[in-house]
Each structure stands twice: as structure tokens, then as C-alpha cells.
Amino acid sequence: DYIEQRQRYRPGRVPVGLPESRPLVERCAARLAAGFRDWLAARGWDLPGLDVEVVVGAVDAGNSRFQPQSHRVVLGGAEFMVFVGEGGLSVNPVTALHSLAHELAGHAVQDALSRDLPEPLRPDDRARLRFATLPAAEGFSSHASALALHFAEEEGERHGIGPEDVELLRKMVRLAPLHHGVPALATILAARGRQEPGFDAAARLRELCGHGGFGELVDRAASYPANKIVYECACYFGAEAVRTAAATLAARGVAGGEAWRRLGRGAWALSCYGEAVLGP
């Protein structure tokens, strides 16, 4: 359903790299970032890090990123969709909104909340224990991505995000665990297949997931770098840890900005994240 819906955005779409497209995309990004900040502020989310600079990167960049040293969120230009119609060009920022929530309410806020902690607990590239802190860093930002859906439901029309776009966001949030879990699982099973004669990784995936179509993914797994496998696993298990902690806080009556400050302070290792966030 998700892939089919993405295909419906193809008609009328033009390259983001057109000279007349770039100014429209940059203005759209500025309005979106300001609207998202205002929406959070209206709900009492007085969080550090939300004031970082938000810019649009290269037109062919399909991924966004947070730059901790320069305190800047860079939204991938290719995450904006530009269409031509009777009224001229228009920009749909639905996928960029998902990344904005991830980078701004996630990485930027966590960086600001953790700045006074010892260096190994800061969720940035300078952390000496980067792989140990990676799950909490990516897990918290994955949790933050869901804010894009709530924002779109309430404020989307003001930013060119319609009901169909909201449904796309709902699918993106729902499928987020699979986005990281399936590649990691395929790679690990492919490695098992190379070590155990007769083990069929694609067949095992078909059994686990209820459908086939994993042969190409398993074939590509042979060239998957080890650090990428660790990253995918960290994102999956980190998101699970943050969601579990958030649910526990909610059950205790801690929600909104207060819960966010606790969930995002410190890129703790998985073994102690729950204890650090929830307390004894």
C-alpha cells in the first residue's frame, strides 16, 4: 500500500533542481520549520535545540542530517516534491516534514539536552563510545519522527499537506521499525547461510514475514558493511527502548515536553537507558 501510494505522486512532478524550483523549496522549508516550532511551543514544549538553523541541502540529497558542531539541520532537497499545475509550481513537503521532526525534535533537541553530560554520553560524532550510544540517539529521533504525523493532522493544510499526505505519513510511521529491522535481519540470515550449508536465508525470511521477494535483498547482503548492520540494529532496538520508556512514563502521568526532556537527555547504552530515563 505504501509503495503504491508513493507511485501516485509521480504525475505532474518536476525535478527539484530546476532553477525556478529551488527558491520555492527554500521558502517552503522555512515556513515548515517555523510552523513546526510554533506548534510545539503552543503545546508547552519549551525545549532546547529547537532554535537551530534549518536549511535545504543539495537537490539530489535524499537524506537529511543534523550537524552538531554547526547546530544546523540540513534537509535533503530530494525530500521535497515539486509539481507543475495550472497555477504554476507547487511544493509538497510531506516527506521532508518526517525528516524535520526526526532531525529537529530528535537529534537537535537531544544534543542540546545532553551538552552538559560527559562526552561519552553526548549523542554526537565525538562520542568515544559511538556504537554504544547509537541506539538511544537514533531511537529517540525515530520516536520524534512520529510528531510529524500529529503536526500534519492538525496543521498540514496550512503547509500544503492534504489528507492523502497524512495517510502517507501514517504509513511511514507505522513502517519505521521494518525500515531498519528487515535489512538487518536479511544481512544476519545471509551471513548464517554462508556459514551453514543448506540454510536458505530467503526462505527463512519468507517464513518470518509471510511473503517472498527477499532474494535480491539477501544477494546484496554479501556486500553490506558491518557498521551498516550495527546501525540498522541500533536503530531498531533503540526505537523499541525509547517507545517502552515513553509508555512507562505516560502510565506514570509524565507526558509532553517533560517526558521529552527525560527521554532525550543522554545517549545511554541500551543496558542502562531505561534506568537512566525512568529512575530507580
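Sequence positions are assigned chain by chain, starting from 1 and proceeding in written order. Local features in this predicted model are restricted to residues of pLDDT 70 or higher, and side-chain atom pairs are both shown and tallied only at a pLDDT of 80 or more, whereas totals for entire chains, interfaces and linings draw on every residue. Hydrogens and water molecules were not included; the side-chain quantities draw on all heavy atoms of the structure.

**Student:** Explanation requested: the packing of aromatic side chains in the structure shown.
**Tutor:** Working definition: a ring pair exists when centres of Phe, Tyr or Trp rings (six-membered ring for Trp) sit within 6.5 Å. Plane angles under 30 degrees give stacked, over 60 give edge-to-face, the rest tilted. As enumerated under the stated definition, the model contains 6 aromatic pairs in all. Aromatic pair phenylalanine 36 and tryptophan 39: ring centres 6.0 Å apart, planes at 20 degrees, arrangement stacked. Of this pair, phenylalanine 36 and tryptophan 39 both sit in helix 2 (residues 21-42), 3 residues apart, roughly one helical turn. Relative accessibility thresholds used throughout: buried, under 20% of the residue-type maximum; exposed, over 50%; partly exposed, between the two (1.4 Å probe, protein chains only). Given a relative accessible area of 6%, tryptophan 39 falls into the buried group. Taken together, a centroid distance of 5.1 Å and an interplanar angle of 90 degrees make the contact between tyrosine 236 and phenylalanine 237 edge-to-face. Given the relative accessible area of 28%, tyrosine 236 is considered partly exposed. With a relative accessible area of 48%, phenylalanine 237 lands in the partly exposed category. Pairwise contacts between aromatic rings join Phe36, Trp39 and Phe151 into one cluster. Only DSSP runs of H or I covering at least 4 residues are called helices, and only runs of E covering at least 2 are called strands; the numbering of each starts at the N terminus.

**Student:** Help me out: how do you make sense of unusual backbone geometry in this one?
**Tutor:** Across residues other than glycine, the phi torsion is negative in most instances, and most of the peptide bonds are trans. Positioned with a positive phi, histidine 71 is a non-glycine residue whose angle comes to about 50 degrees. Looking at where histidine 71 falls in the secondary structure, it is placed in the loop between strand 3 (65-67) and strand 4 (72-75).

**Student:** Honestly, the nonpolar core in this entry has me stumped. Any pointers?
**Tutor:** Generally speaking, a soluble globular protein has its nonpolar side chains buried in company with each other. Buried Ala, Val, Leu, Ile, Met, Phe, Trp, Tyr and Cys residues that are joined via side-chain atoms within 4.5 Å together make up what is termed a nonpolar core. The biggest cluster of nonpolar side chains holds 60 residues, and the ones touching the most others in it are Phe36, Phe80, Leu97, Trp260 and Leu263. Residues are treated as being in contact if the distance between any of their heavy atoms lies within 4.5 Å. When neighbours within four sequence positions are excluded, phenylalanine 36 is seen to be in contact with Leu100, Ala101, Leu104, Ala105, Leu147 and Phe151. In this structure, Ala186, Leu189, Ala202 and Val218 belong to the second largest nonpolar core, which totals 10 residues.

**Student:** Which parts of the structure should I look at to understand the environment of proline 225?
**Tutor:** Secondary-structure assignment places proline 225 in the loop between helix 8 (215-220) and helix 9 (226-251). Taking the C-alpha atoms as reference, proline 225 lies 9.6 Å from threonine 187; in sequence the two are 38 residues apart.

**Student:** What is the right way to look at the side chain of glutamine 5 in this model?
**Tutor:** Its location among the elements puts glutamine 5 in helix 1 (residues 2-7). Residue glutamine 5 is classed as buried on the basis of its relative accessible area, which comes to 1%. Counted as a polar contact is a pair of N or O atoms within 3.5 Å, where, for protein atoms, one must be capable of donating a hydrogen and the other of accepting one, and residues adjacent in sequence contribute only when both atoms are in side chains. A distance of 2.7 Å separates a polar side-chain atom of glutamine 5 from the backbone oxygen of glutamate 164. Leave out the neighbours within four places in its chain, and glutamine 5 touches Glu164, Glu167, Leu168 and Lys171.

**Student:** For this particular structure, what's the right way to read the pairing of strand 6 (residues 88-92)?
**Tutor:** Where a strand is regular, its side chains alternate between the two sheet faces. One ladder, built from 5 bridges, connects strand 5 (residues 81-85) with strand 6; its direction is antiparallel. Of the residues in strand 6, the one forming a bridge with valine 82 is valine 91. Count of turn residues in the strand 5/strand 6 antiparallel hairpin: 2 residues. Here, a strand pair is defined by DSSP locating no fewer than two bridges between the strands.

None of the figures reported here should be taken as evidence of function without further support.
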